[in-house]
Amino acid sequence: MTEYRVTVYGDPRPWQSQHRGSPRTPGFMAMQKYQLLIQVAIKEQLGNVEPLTGPVRLEIAFYRAHTGKHIPPEDPVKLQAFNLKHIGVAPDLTNCLKAAEDALKGLLFVDDKQVIETHCSKGFDDEGEGKTVIRVSEILSLAGQQWPPHF
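Calculation criteria
Residues numbered from 1 in each chain as written. Predicted model: local features only at pLDDT ≥ 70, side-chain atom pairs only at ≥ 80, totals over all residues. Heavy atoms only, no water. Helix = DSSP H or I, 4+ residues; strand = E, 2+ residues; numbered from the N terminus. Polar contact = N/O pair within 3.5 Å; in protein donor to acceptor, adjacent residues only side chain to side chain. Phe/Tyr/Trp six-rings, centres within 6.5 Å; stacked < 30°, edge-to-face > 60°. Lys NZ or Arg CZ within 6 Å of the ring centre and 35° of its normal. Core = buried A, V, L, I, M, F, W, Y, C linked by side-chain atoms within 4.5 Å. Buried < 20%, exposed > 50% of the residue type's maximum accessible area, 1.4 Å probe, protein only. Contact = heavy atoms within 4.5 Å. Pairing = 2+ DSSP bridges. Axes fitted to C-alpha atoms, helices over the stretch in contact; angles between N-to-C directions.

**Q** I'd love a proper account of the environment of T94, names of residues and values included.
**A** Mapped onto the elements of the fold, T94 is located in helix α3 (residues 93–104). Sequence-wise, T94 and S121 are 27 residues apart; in three dimensions their C-alpha atoms are separated by 9.3 Å. Polar side-chain contacts of T94 include one of 2.5 Å to the side chain of D92.

Laid out in structure tokens, this is it:
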């Protein structure tokens, strides 16, 4: 089974739409910069890999930097309480996922419609300025699995 892993250093950014003819917004430009960080990290860490062509599983964890009013306390117990209180704020997890998926197209898989399973999460990067940890793996068989899964 082929699997690609990459760590992208930099604060994750959510997907932003851009309307034709509209001036580029700061949010849109920040998303483009984030997508470029992902693409550069892939090239630096994995080289020129062949994009997967079949169904894939995408696992991705977004770690936001503690900035501005979100300065964490030093005490580990208070830090845990702080993180739980502040993790439910922007950016929206699914919008971060969309921005990352679009950046991965053509590099780790051909098209994001190949992604048939995802696991994603967001948290805080207590040691740095934010990062994204990505794992893409091919799904070779659905044998023995109920597909689609029923919840």
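**Q** How would you summarise the packing of aromatic side chains if you had to cite specific residues and measurements?
**A** Tallied over the entire structure, the rule returns zero aromatic pairs. It is K131 that lies over the ring of Y63; its NZ or CZ is 5.5 Å from the centre.

**Q** Describe in detail the nonpolar core, supporting the description with residues and values.
**A** Ranked by size, the top nonpolar core spans 26 residues in total, and within it I38, L104, I134 and V136 carry the most contacts. When contributions to this core are tallied by element, the ones reaching two or more residues are β1 (3–9), α1 (26–46), β2 (56–65), α3 and β4 (131–138). The residues contacting L104, other than those within four sequence positions of it, are I38, I42, L58, F109, I134 and V136.

**Q** Give me the lowdown on the side chain of T132, citing residues and values where you can.
**A** Position of T132 among the secondary structure elements: in strand β4. A polar atom in the side chain of T132 sits 2.7 Å from the side chain of Y34. Those residues within four positions of T132 in sequence are excluded, and the remaining contacts are V6, T7, V8, P12, Y34, I60, A61 and F62.

**Q** So what about the environment of S137? Which residues, and what values?
**A** Along the chain, S137 falls in strand β4. Spatially, the C-alpha atom of S137 lies 8.7 Å from that of R5, the residues being 132 residues apart in sequence. Not counting the four nearest positions on each side in its chain, S137 is found in contact with M1, T2, E3, L52, P55, V56 and R57.

**Q** Give me the sheet that holds β4: which residues, what numbers.
**A** As summarised here, the arrangement of the four strands in space is β1-β4-β2-β3, forming an open sheet in which the pairing is mixed. With partners counted over all chains shown, the strands left at the sheet margins are β1 and β3 (115–125), one partner each. Neighbour-to-neighbour, the strand axes of this sheet turn through a mean angle of 10°, independent of strand direction. Across ten bridges, the pairing between β2 and β3 is parallel. Looking across to β3, one finds that R57 is bridged to E117. Against the sheet, α1 makes contact with β1, β2 and β4, and its axis sits at roughly 125° relative to β1, the strand it touches most. Contacts from α3 reach β2, β3 and β4, with the element oriented near 120° to β2.

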